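Architecture at a glance
So the chains spell out like this:
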Number of protein chains: 2
Amino acid sequence: MSRPAPTPAPGPGPAARTPTAATPTAATGRAPSPRGRRTARPSGDERELAILTTAERLLAEQPLTAISIDDLARGAGISRPTFYFYFASKDAVLLALLDRVIAQVNATARTVLDDVGSDPATHWRSAIRIFYETFREHRTVVVAAAALRGSHSEGRRLWAGVMNLWTGRTAAAIEAERARGAAPDGIPAHDLAVILNSTNERVLYGTLTGDGPAVPESTVVDSLATVWLRAIYGTTTPAGR
Amino acid sequence: MSRPAPTPAPGPGPAARTPTAATPTAATGRAPSPRGRRTARPSGDERELAILTTAERLLAEQPLTAISIDDLARGAGISRPTFYFYFASKDAVLLALLDRVIAQVNATARTVLDDVGSDPATHWRSAIRIFYETFREHRTVVVAAAALRGSHSEGRRLWAGVMNLWTGRTAAAIEAERARGAAPDGIPAHDLAVILNSTNERVLYGTLTGDGPAVPESTVVDSLATVWLRAIYGTTTPAGR
DNA sequence: CGAGCCAGTCAACGCGGTGTTGAGTGAAGG
DNA sequence: CCTTCACTCAACACCGCGTTGACTGGCTCG
């Protein structure tokens, strides 16, 4: 009964070490122990962080399903029941990890992409590059999260949120380009934005995991950028014969 | 010890009911009982089929992880140990299901797409439509298989095979179009093929599951076709300002 | 300063799912 | 008839999960 109540973020603890960087992100586990912990007793945060880094390390070698909670606990130097004091489940750990990645990609994107773009080509290209770099840097987490998405509703929701944000921005940018007469109509801007962002997600995933046919790392960004430009600015094709 | 030896396909049984339609597809489970069964004692095949249909039925309501082997066995009117006589694991069942879908999409595609195309636009469009129809018809299996792909190496391999086949065809068709001067260069044909097929996979998945931002069912095929045409035939963009 | 609270910890338990063993049964078939 | 072989299942061993309940040691407040 000493479990922390469903209070997500009580106040700024002394140490600035809080791992879950941004986004509200509800807890994962069914019932009992939601994510956060109340006070800032130092050892506590260290443990939480130890769990996260252990998870990231193990994920580099094996899929989430092959990692037991006991592995995570041992890796962090605690017992299995103690693990549950910090996280409600394995999934919750991965979700916390994913939170950090999402926060980073969003933050980076904001600093670079706020201007609509004097030169559209480089504008779109740099947006793609940011996605690529962040995915690449945290590939283990991203790959594991993609797997989670298939079976875990909370994971799906989280990912859907990210995609919504990005397709929203993309759609707005496309509409702006259309408004100034630079891009043709033909597909609703929102749908086109969904398609292009889906493309990035799937292609980058394939390139970074390397299963199935994939685009080589050295040229993914350029190839994707070319497809984006053609899809956004290209006319509906003469398709001659 | 009466378990069937690792013989995948011994000879054509009397009944033409063999469920695993095409592709060699090694067994899934770690060690003991690989997929097939030897002779054609009728009750045997019926059982195997009963398991498959039960799986497909249950998948319509719940994810694979929520389905226990006992559910499958009971649904087919057998006990749990007996289940293992037919399949090595839950995953093997899904893989068998997926085999059928793959065989169907490949077969359908072959009948429709063999000619290079008098009218490119409709050619590409009908290729996309076939994918869409088949995905749609077996959406539960496809969705479950996509989830499996994240954690199961055999599932990954199977899916990679399909994608290889399709990107190969697409790349060949693109190169043919380039050869006759109808399409420009700019991206290696193979890479473009990978990108476009990845796009289809991800977008159709999103549309059929409905999580995250998605393209409406009524227009997916058209929108995708437009993107394909622009990506294949569009020039590298004037991108003016 | 002593009482009490509270973050933090873990041995031990119960549960549900998995895969295996070993003993059967009944129909073909020599 | 007696063997063989496809097929079946009760019972078992095992593992990972999530929970309980008891314990500890530092902090705070009367």
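Right, let's walk through the structure included here. (Residues numbered from 1 in each chain as written. Chains lettered and ligands numbered in written order. Predicted model: local features only at pLDDT ≥ 70, side-chain atom pairs only at ≥ 80, totals over all residues. Heavy atoms only, no water.)

All right, on to the packing of aromatic side chains then. The geometry of an aromatic ring pair is captured by the separation of the ring centres together with the interplanar angle, meaning the angle of the planes. Here the structure, examined in full by the defined rule, presents 14 aromatic pairs over all chains. Look at phenylalanine 83 of chain B and phenylalanine 87 of chain B: their rings are 6.1 Å apart centre to centre, the planes differ by 35 degrees, and that puts the pair in the tilted class. Residues phenylalanine 83 of chain B and phenylalanine 87 of chain B agree in their burial class; the two are buried. An aromatic cluster of three or more residues is present, and its members are Phe131, Phe135, Trp159 and Trp166 of chain A. (Phe/Tyr/Trp six-rings, centres within 6.5 Å; stacked < 30°, edge-to-face > 60°. Buried < 20%, exposed > 50% of the residue type's maximum accessible area, 1.4 Å probe, protein only.)

Overlaying chain B on chain A yields an RMSD of 0.1 Å, the required transformation being a rotation through 180 degrees with an accompanying axial translation of 0.0 Å. Such a combination of rotation and displacement between the chain copies is what one expects of a two-fold axis. If distances are taken from each C-alpha of chain B to the rotation axis, the shortest is found for threonine 199 of chain B, at 2.2 Å. (Least-squares fit on C-alpha atoms with pLDDT ≥ 70 in both.)

Our focus in this paragraph is the interface of chain B and chain A. Many analyses report the size of an interface as the accessible area lost when the parts associate. The partner chain A presents 51 residues to the 51 residues of chain B that form the contact. Taking both partners together, chain B and chain A bury about 4200 Å²; carbon and sulfur atoms supply 63% of that area. Summed over the three residues of chain B that lose the most area to chain A, namely Arg202, Pro213 and Arg230 of chain B, the buried surface amounts to 19% of that side. Between aspartate 211 of chain B and arginine 156 of chain A there is a salt bridge; the shortest N-O distance is 3.8 Å. Run the count over chain B and chain A and you get nine residue pairs in polar contact (both at pLDDT 80 or more). Broken down by secondary-structure element, the contributors of at least two residues to the side of chain B that touches chain A are α6 (139–151), α7 (153–179), α8 (189–209) and α9 (220–233) of chain B. (Contact = heavy atoms within 4.5 Å. Buried area = accessible area lost by both parts, 1.4 Å probe. Salt bridge = Lys/Arg side-chain N within 4 Å of Asp/Glu carboxyl O. Polar contact = N/O pair within 3.5 Å; in protein donor to acceptor, adjacent residues only side chain to side chain. Helix = DSSP H or I, 4+ residues; strand = E, 2+ residues; numbered from the N terminus.)

This next bit is on empty space enclosed by the protein. What the rule picks out here adds up to nine cavities of 30 Å³ or more. Each pocket or cavity is described by its volume, and for the largest cavity that value is around 250 Å³. Lining the largest cavity are 19 residues, with Arg149 and Arg202 of chain A together with Arg149, Glu201 and Arg202 of chain B sitting closest to its centre. Put simply, the parts of the chain that give the lining of the largest cavity at least two residues each are α6 (139–151) and α8 (189–209) of chain A together with α6 and α8 of chain B. Per-element tally for the lining of the largest cavity: the top contributor is α6 of chain B, with five residues. Broken down by class, the residue content of the lining of the largest cavity amounts to eleven nonpolar, two polar and six charged. In this structure, the second largest cavity occupies an estimated 150 Å³ of space. (1 Å grid on protein atoms, 1.4 Å probe; cavity = no way out; pocket = protein on both sides within 12 Å on 5 of 7 lines; lining within 4 Å. Points joined across faces, edges and corners; volume = space filled by probe spheres on them. Nonpolar A, V, L, I, M, F, W, Y, C, P; charged D, E, K, R; others polar.)

All names here are of chain B. It is at 9 Å that the axes of helix α5 (residues 120–137) and α9 come closest, and there the two elements cross at 135 degrees. It follows that α5 is oblique to α9 by the angle criterion. As for how α5 packs across α9, the hand of that crossing is right-handed. For the pair formed by α5 and α9, the contact residues are Pro120, Ala121, Trp124, Arg125, Ile128, Arg129 and Tyr132 on the first element and Val220, Val221, Asp222, Leu224, Ala225, Trp228, Leu229, Ile232 and Tyr233 on the second. Split into classes, the residues belonging to the contact of α5 with α9 amount to 13 nonpolar, no polar and three charged. (Axes fitted to C-alpha atoms, helices over the stretch in contact; angles between N-to-C directions. Parallel < 35°, antiparallel > 145°, perpendicular 65-115°, else oblique. Left-handed = near helix turned anticlockwise from the far one by under 90°.)

Attention now goes to the packing of α6 of chain A against α8 of chain A. Residues and elements named next belong to chain A. Where α6 meets α8, the closest approach of the two axes is 11 Å, and the angle between their N-to-C directions is 120 degrees. When the axis of α6 is compared with that of α8, the two are oblique. For the pair α6 and α8, the sense of crossing is left-handed. Contacts between α6 and α8 involve Arg139, Val143, Ala146 and Arg149 on the former and, on the latter, Glu201, Tyr205, Leu208 and Thr209.

Another point: the side chain of histidine 138 of chain A. All names here are of chain A. Tracing the backbone through its elements, the reader meets histidine 138 in the loop between α5 (120–137) and α6. Since its relative accessible area comes to 15%, histidine 138 is described here as buried. Excluding its chain neighbours within four sequence positions, the residues that come into contact with histidine 138 are Glu56, Val101 and Gln104.

This is a description of form; function is not addressed.
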